[in-house]
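Remarks on the overall topology
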Amino acid sequence: MSHDQTTIEILEIEIPDKNKDIVLYTKHVIKSLDEFEEHHRKLVAAQAIAGIKPIGDQEVAFYETVRQMKEQIISTLEQTIDDLKHKGDKYYEKQFPDGVE
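Residues numbered from 1 in each chain as written. Predicted model: local features only at pLDDT ≥ 70, side-chain atom pairs only at ≥ 80, totals over all residues. Heavy atoms only, no water.

The next thing to look at is the overall build of the protein. For the protein, the helix and strand inventory stands at three helices and zero strands. If you list the helices and strands of the protein from N to C, you get α-α-α. For 101 residues, the compact-globule estimate of 2.2 N^0.38 gives 13 Å, and the C-alpha radius of gyration of the protein, at 18 Å, exceeds that figure by more than 25%. For the protein, the spread of C-alpha atoms along the principal axes amounts to about 60 × 20 × 20 Å. Restricting to contacts in the protein with at least 6 residues of sequence separation, those with at least 24 account for 53%. Carbon together with sulfur atoms contributes 57% to the accessible area of the protein, which is approximately 7,300 Å² in total. Of the side-chain charges in the protein, 13 are positive and 21 negative, and the distance between the mean point of each set is 3 Å. (Helix = DSSP H or I, 4+ residues; strand = E, 2+ residues; numbered from the N terminus. Rg over C-alpha atoms; globule rule 2.2 N^0.38 Å. Contact = heavy atoms within 4.5 Å. Areas by Shrake-Rupley, 256 points an atom, 1.4 Å probe, with all protein chains shown as cover. Lys, Arg positive; Asp, Glu negative; His and termini not counted. Charge placed at Lys NZ, Arg CZ, Asp CG, Glu CD.)

This structure, assessed with the given rule, holds 11 salt bridges. Across the pair Lys-18 and Glu-101 runs a salt bridge whose closest N-O atoms are separated by 3.6 Å. Of this pair, Lys-18 sits in the loop between helix H1 (3-14) and helix H2 (20-49) while Glu-101 is found in the segment after helix H3 (56-85), placing the two residues 83 residues apart along the sequence. Residue Lys-18 shares its accessibility class with Glu-101, and that shared class is exposed. Ionic pairing is found between Asp-34 and Lys-70, a salt bridge with its closest N-O pair at 2.3 Å. One end of the pair, Asp-34, is in helix H2; the other, Lys-70, is in helix H3, with 36 residues separating them in the sequence. Beyond isolated ion pairs, a larger network of salt bridges with shared partners links Lys-18, Lys-87 and Glu-101. (Salt bridge = Lys/Arg side-chain N within 4 Å of Asp/Glu carboxyl O. Buried < 20%, exposed > 50% of the residue type's maximum accessible area, 1.4 Å probe, protein only.)

In structure tokens, the structure reads:
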């Protein structure tokens, strides 16, 4: 199990049952990014077999960008859950002033 999956499963425990669909959507997005990475890895491998040498810096940048995207998605889920947990608390400063529901 990846770190991302573990984090999402921990957050899933904290979210109210009626909002579990947000976690499911997040899982789907992370899985989609995992599949995107895998497709890219296979493409680069196929190109390498064909004699097209991968450019190391570009590969590093690709994987780093995808990693940062995943972190941002999980961070947004954390903020959403925080807002949901504090719904109705007039002293809480919302992460998302336009609401989460």
